Amino acid sequence: MAYFMVASCINCGTRITFNPHLVPSLIVNGTKEPLCKNCADKWNQIHRISKGLEPVPIQEGAYEPQKEVTDTDYQEDLDE
Ligand SMILES: [Zn+2]
């Protein structure tokens, strides 16, 4: 079993499914809001590549379901 989040991209509004631990995001009013892959690529182009910086890599699995976590793993997440 696996789970994933569904939300709208904070930039363009496209509905996306994503892994909340891996998806690129922006902090808006103190809340982490997800970016779709297109917008993450655009963000990299504008904020990194155009300035001669390395793009921030999009983590593998960012737009795929999260593997099921055990109660122990979940507890460890809460402790962080
Ligand atoms: Zn987007």
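From a predicted model like this one, the values you see are computed outputs, not experimental measurements.

The rules behind each value
- Residues numbered from 1 in each chain as written.
- Predicted model: local features only at pLDDT ≥ 70, side-chain atom pairs only at ≥ 80, totals over all residues.
- Helix = DSSP H or I, 4+ residues; strand = E, 2+ residues; numbered from the N terminus.
- Buried ≥ 20, exposed ≤ 12 C-beta atoms within 10 Å, placed from the backbone.
- Core = buried A, V, L, I, M, F, W, Y, C linked by C-beta atoms within 7 Å.
- Contact = placed C-beta atoms within 7 Å.
- Pairing = 2+ DSSP bridges.
- pLDDT = per-residue confidence, 0-100.

Student: Is there a simple way to think about the overall build of the chain in this case?
Tutor: Along the backbone of the chain there are 2 helices and 6 strands. Starting at the N terminus and ending at the C terminus, the chain contains elements arranged as β-β-β-β-β-α-β-α. Scored against the burial criterion, the 80 residues of the chain give a buried share of 14%.

Student: Any chance you could explain the nonpolar core here in plain terms?
Tutor: General note: in soluble globular proteins, nonpolar side chains tend to be found buried as a group. In terms of nonpolar packing, the biggest core is built from 8 residues, these being Cys-9, Ile-16, Phe-18, Val-23, Leu-35, Cys-36, Ala-40 and Ala-62. Beyond its immediate chain neighbours, meaning those up to four positions away, Cys-36 contacts Cys-9, Cys-12, Thr-14 and Ile-16.

Student: Sorry, what's going on with the environment of Gln-59 here?
Tutor: Counting through the fold element by element, Gln-59 comes out in the loop between helix H1 (37–47) and strand S6 (66–67). Taking C-alpha positions, Gln-59 is 7.2 Å from Val-23, a pair spaced 36 residues apart along the chain.

Student: What is the right way to look at the pairing of strand S2 (residues 5–8) in this model?
Tutor: Every other side chain in a regular strand lies on the same face of the sheet, so the side chains alternate between the two faces. Of the strand pairs in this sheet, S2 and strand S3 (residues 15–18) are connected by 4 bridges, and their pairing is antiparallel. Residue pairing for S3: Ser-8 is matched across the bridge by Arg-15. Here S2 folds back onto S3 in antiparallel fashion, the turn holding 6 residues, of which Gly-13 has a positive phi close to 85 degrees.

Student: Just to check I follow, could you spell out the confidence of the model for the chain for this structure?
Tutor: A low pLDDT score tells you not to read the predicted coordinates there in detail. The share of residues in the chain with pLDDT of 70 or more is 78%, and the mean pLDDT across the chain is 86. Looking across the chain, the model is least confident in helix H2 (residues 71–79), with a mean pLDDT of 55, and most confident in H1, with 96.

Student: Before we go on, may I ask you to explain unusual backbone geometry in this structure?
Tutor: Most peptide bonds take the trans form, and the phi angle of most residues other than glycine is negative. With a phi close to 50 degrees, Asn-29 is a non-glycine residue in the positive phi region. Looking at where Asn-29 falls in the secondary structure, it is placed in the loop between strand S4 (25–28) and strand S5 (31–34).

Student: Just checking my understanding: could you explain the environment of Pro-34 for this structure?
Tutor: Among the structural elements, Pro-34 can be located in strand S5. Apart from residues lying up to four places away in sequence, Pro-34 is in contact with Ala-7, Cys-9, Ile-10, Ile-16, Phe-18, Val-23 and Ser-25.

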